[in-house]
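Below are the chains, spelled out letter by letter.
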Amino acid sequence: MKKWISVIGILAGNLILALSVAAFVIPSNLMAGGTTGLALCLEHYFGIPIAVSVAAANVTLFAVGLVCLGRRFAVTTLISTFLYPLLLDLLQKLDVLQHLTDNLLLAAVFAGTLMGLGVGLVLKVGASTGGFDIPPLIFHKKFGIPVSASLYAIDTLIILAQVTFSSPEKVLYGIIVVFLCSATVNKVMVMGSSKVQLMVISKDYQAIRQGLLQKLDCGATLVNIETGFTGEKQLAIMSILTGRKLNEAK
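Report on the accompanying structure. (Residues numbered from 1 in each chain as written. Predicted model: local features only at pLDDT ≥ 70, side-chain atom pairs only at ≥ 80, totals over all residues. Heavy atoms only, no water.)

1. A short note on empty space enclosed by the protein
Here the structure, examined in full by the defined rule, presents one cavity of 30 Å³ or more. In this model, the largest cavity occupies a volume close to 190 Å³. As for the largest cavity, its lining consists of 17 residues, and the residues nearest its centre are Leu17, Gly34, Thr35, Val119 and Asp133. Of all elements in the fold, only helix H2 (34-46), helix H5 (104-124) and helix H7 (147-161) reach the threshold of two or more residues within the lining of the largest cavity. Grouping the constituent residues of the lining of the largest cavity by class yields seven nonpolar, eight polar and two charged. (1 Å grid on protein atoms, 1.4 Å probe; cavity = no way out; pocket = protein on both sides within 12 Å on 5 of 7 lines; lining within 4 Å. Points joined across faces, edges and corners; volume = space filled by probe spheres on them. Helix = DSSP H or I, 4+ residues; strand = E, 2+ residues; numbered from the N terminus. Nonpolar A, V, L, I, M, F, W, Y, C, P; charged D, E, K, R; others polar.)

Encoded structure:
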């Protein structure tokens, strides 16, 4: 089941990522980070098709990831390396996606959010969309640098490379895209895994402990404390819960 969930996450993430680029970034001439942003530079200066540049960059960085991150990484990333350029090329040919909006702010908001959602879904299942998602994973493994921070830094550098052929207004919209993408990646990475720490100070700690363990099926830890006013030593209960169980625990 976990393998199927991983495959579905990789497919859905790449589809959303390709859709955001084909429907909002390219039609609105927005600046973008990652291999897409690099491909926009190569298209402007050398006329190389975006899908071709993305595929070449993905294959090169895939080889680097294989060496630095191992075989398991390679297997999970191999799908994205070839799937994303293919989906991007197919979606670019759909005329309906080329005229969704003429509002640059709306396009920037949707582009950044959808790109972050796509990248986040793939990273959440332990894979990568390939391209410039690979260096942040290497930095995280080797130096402990957060993935989102490295993504943001690399995307900012690629945005700056596009300044030479973009207007100041497009630069500002590009910053919005990168910021929303990074923020959305952060949200998706922790989605469904956030917890609440509950601390209960009560003389009825034994009954509360039994309730948490047996009725809610939650873990419970007893902690030695000393009350502030009377200096009485007693035990408190600490439990880590999902948000859904918090009200029931109260």
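2. Focus on a nonpolar patch on the surface
A surface patch of nonpolar side chains, amounting to about 410 Å² of accessible area, comprises Tyr45, Phe46, Ile48 and Val52. Its place among the elements puts isoleucine 48 in the loop between H2 and helix H3 (50-69). (Patch = residues over 30% accessible without salt bridge, like charges linked within 9 Å, V, L, I, M, F, W, Y side chains within 5 Å. Areas by Shrake-Rupley, 256 points an atom, 1.4 Å probe, with all protein chains shown as cover. Salt bridge = Lys/Arg side-chain N within 4 Å of Asp/Glu carboxyl O.)

3. Observations concerning the packing of helix H1 (residues 2-25) against helix H4 (residues 71-92)
Two numbers describe how H1 lies on H4: the axes approach to 9 Å, and their chain directions differ by 35 degrees. Between H1 and H4 the crossing geometry is right-handed. Touching Ile10, Leu11, Asn14, Leu15, Leu17, Ala18, Leu19, Val21 and Ala22 of H1 are Thr76, Ile79, Ser80, Leu83, Tyr84, Leu87, Leu88, Leu91 and Gln92, all from H4. (Axes fitted to C-alpha atoms, helices over the stretch in contact; angles between N-to-C directions. Left-handed = near helix turned anticlockwise from the far one by under 90°. Contact = heavy atoms within 4.5 Å.)

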